Amino acid sequence: MRSMRFAALGTLAVILATATACGDERSITSEPVGNLGFGTIFTKTSTNLPRGTVTFPVAIVASATPATDSVIITLAGLDSLSSGSYTVWFANDSATKFALVSSVNIVATRVDSTINAAGDPVFTPTLFNRLGVANTRSGGSNIVQRVATSRSTAAAFAATDSLNTVIVSIETTTPGAAPSEVRPLWARRSQANATTRVASLRFGAFARGIPVSAGDPAANQEFVVATNGVMTIVPRGRVEVRDKILIANDSNYFRAPVGYFYNAYAVKLDTTGRFADTVYLGRRTSPYPARISLYESDKTNPAPDVVFDTPRVVFAMASRLSTDTIAKANTSPPWLNFGLVRVNLQSKFSQEGRMGPATMLEAILPKSVRGR
């Protein structure tokens, strides 16, 4: 019996020795785990989605007093566009007639912040005026725009036409008789306060006339992601970091509106905790093992296993990054001083790789990652 036990022990020693030789490739009996991994949850941010209000004229049809025909729009949370322009349209409630607004007066307020010697934030507003313009490309997380116009600037609108809907589209060419397919913002008079005539802007996709079978709103229908910047569903997820690899897995999103897509960024902090740099982590994909790009999921369905047409949601998204391909994160140790990971919703007409204002989720990386 003793000889059998010694033989068994000898066999085990050979197995361990053999396994050790494979230690660089996989976990083994003598080293059952690899290097430590660190994880944290995403949290929903105070969203900075496109939002604003519309103040409708006193009367639905044209009046004898031009002052009562004015339309006032406030806009915030817009991406600054590198191609195309934000353009205003009037429409009737059934979206069967559109009229291009040819002239608007814009007062943009930019609020910059600094830290004084006492460590307190100091906010400095700066105003910019643009008078009699047809459209704008301006946007930014710290910019609010007041757009003033009237129904008289929409030549295609007869005095008897009802002004029940205001739409903001993104136009990349000379506008035609109707807005382009990218109609991310709108407000209806029927949804306005009865006394003030103020309606909150809705963000999503408005009445493009595309069959529902294609996954888009048909005429007089709406795909609403948020009303005045507030979403009705809450995304969630986690970020994991292990050596060079960062993995983000998250879920429960509305599909991006037409003309928008989801991407991710990592933010590097300085020694005082301030933003020092922003690194683009790319377009979002479906989870392992497929990892299919979801860039076109605003209009098509590239991954039916996680992208649904009814309801229009993304069940799961993911990102997998290695510092081997990200020079600014290829430090020793990897991801040194990176403190935040953000998931953003961004316009396809803005500069890709420059972080826009619409952050959906944010993860604060623990000190074990950013300073280990």
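As the structure is a computational prediction, the values presented were derived from the model and not from experiment.

Conventions we followed
- Residues numbered from 1 in each chain as written.
- Predicted model: local features only at pLDDT ≥ 70, side-chain atom pairs only at ≥ 80, totals over all residues.
- Heavy atoms only, no water.
- Helix = DSSP H or I, 4+ residues; strand = E, 2+ residues; numbered from the N terminus.
- Buried < 20%, exposed > 50% of the residue type's maximum accessible area, 1.4 Å probe, protein only.
- Contact = heavy atoms within 4.5 Å.
- Areas by Shrake-Rupley, 256 points an atom, 1.4 Å probe, with all protein chains shown as cover.
- Polar contact = N/O pair within 3.5 Å; in protein donor to acceptor, adjacent residues only side chain to side chain.
- Pairing = 2+ DSSP bridges.
- Salt bridge = Lys/Arg side-chain N within 4 Å of Asp/Glu carboxyl O.
- Core = buried A, V, L, I, M, F, W, Y, C linked by side-chain atoms within 4.5 Å.
- Phe/Tyr/Trp six-rings, centres within 6.5 Å; stacked < 30°, edge-to-face > 60°.
- Lys NZ or Arg CZ within 6 Å of the ring centre and 35° of its normal.

What is the right way to look at the overall build of the protein in this model?
Regarding its fold elements, the protein presents 2 helices and 23 strands. In the protein, which comprises 372 residues, the share counted as buried stands at 44%. Sequence-distant contacts, at least 24 apart, represent 65% of the contacts inside the protein between residues at least 6 apart. Summing over all exposed atoms, the protein offers an accessible surface of approximately 17,900 Å²; the carbon and sulfur share of this is 57%.

Would you mind showing me how to read the side chain of Ser350 here?
Within the secondary structure, Ser350 is located in the loop between β22 (338-347) and β23 (359-364). For Ser350, a relative accessible area of 7% translates into the label buried. Within the structure, the side chain of Ser350 is placed 2.8 Å from the backbone oxygen of Ser347, a separation counted as a polar contact. Beyond its immediate sequence surroundings of up to four residues, Ser350 is in contact with Asp79, Ser80, Leu81 and Ser82.

Sorry if this is basic, but what is going on with the sheet that holds strand β13 (residues 202-206) here?
As a general point, the strands of a sheet are linked pairwise by backbone hydrogen bonds and lie either parallel or antiparallel. The strand order β6-β5-β10-β11-β13-β14-β15 describes an open sheet built from 7 strands, whose pairing is antiparallel. Every other strand in the sheet has two partners, leaving β6 (98-100) and β15 (230-231) as the edge strands with one partner each. Sheet topology places strand β5 (residues 85-91) next to strand β10 (residues 165-171); 7 bridges connect them, and they run antiparallel. Bridged to Phe90 within β10 is Val166.

Sorry, what's going on with the sheet that holds β23 here?
Taken together, the 5 strands give an open sheet; going across it, the order is β2-β23-β22-β18-β19, and neighbouring strands pair in antiparallel fashion. Where the open sheet ends on each side, the last strands, each with one partner, are β2 (43-44) and β19 (275-283). Sheet topology note: the strand β18 (residues 260-269)/β22 ladder contains 9 bridges and is antiparallel. Following the sheet pairing, Asn263 is matched in β22 by Asn344.

How should the pattern of salt bridges be read in this particular structure?
Think of it this way: side chains of opposite charge can pair up when their charged atoms draw near. This model, assessed by the stated rule, comprises 14 salt bridges. Residues Asp161 and Lys97 are paired through a salt bridge, measuring 2.7 Å at the closest nitrogen-oxygen approach. Taken together, the residues span a long stretch of sequence, with Asp161 in the loop between β9 (143-150) and β10 and Lys97 in the loop between β5 and β6 at a distance of 64 residues. Residue Glu222 pairs with Arg188 through a salt bridge whose shortest N-O separation is 2.5 Å. One end of the pair, Glu222, is in strand β14 (residues 222-227); the other, Arg188, is in strand β11 (residues 185-188), and 34 residues separate them in sequence. Residue class for Arg188 comes out buried when judged on its relative accessible area of 6%.

How should the nonpolar core be read in this particular structure?
Note on soluble globular proteins: their nonpolar side chains tend to be buried together. If you look at the biggest cluster of nonpolar residues, it comprises 73 residues, and the most contacted ones within it are Ile73, Phe90, Val166, Val239, Trp335 and Leu345. Ranked by residue count, the leading element in this core is strand β21 (residues 313-322), at 5 residues. Aside from chain neighbours lying at most four places away, what touches Val239 is Phe38, Gly39, Thr40, Phe42, Leu246, Ile247, Ala248, Val341, Ala363 and Leu365. The next biggest cluster of nonpolar side chains, apart from the first, holds 8 residues, and it includes Ala95, Ile167, Trp186 and Ala207.

What's the story with the packing of aromatic side chains in this structure? I'm lost.
The way to describe two aromatic rings as a pair is by their centre distance and the angle between their planes. In total, this model carries 9 aromatic pairs according to the counting rule given. When the ring centre of Tyr295 is taken as origin, the NZ or CZ atom of Arg283, which lies over that ring, is 3.7 Å away. The ring of Tyr295 carries Lys348 above its face, with NZ or CZ at 4.2 Å from the centroid.

What exactly am I supposed to notice about the pairing of β21 here?
Side-chain positions along a regular strand alternate between the two faces of the sheet. Of all 10 residues in β21, 8 are buried; the element is thus mostly enclosed. Note that strand β20 (residues 307-308) and β21 share 2 bridges and pair antiparallel. In the strand pairing of β21, Val307 is matched with Val314. In this structure, the hairpin formed by β20 and β21 is closed by a connection of 4 residues.

Help me out: how do you make sense of unusual backbone geometry in this one?
Leave glycine aside and you will find that most residues have negative phi; peptide bonds, for their part, are mostly trans. Tyr288 connects to Pro289 through a cis peptide bond whose omega is 10 degrees. Tracing the backbone through its elements, the reader meets Pro289 in the loop between β19 and β20. The step from Thr310 to Pro311 runs through a cis peptide bond, and the omega angle for that step is -5 degrees. With respect to the helices and strands, the residue Pro311 is situated in the loop between β20 and β21. We note that Trp335 has phi near 65 degrees; this positive angle belongs to a residue other than glycine. Residue position: Trp335 is located in the loop between β21 and β22.

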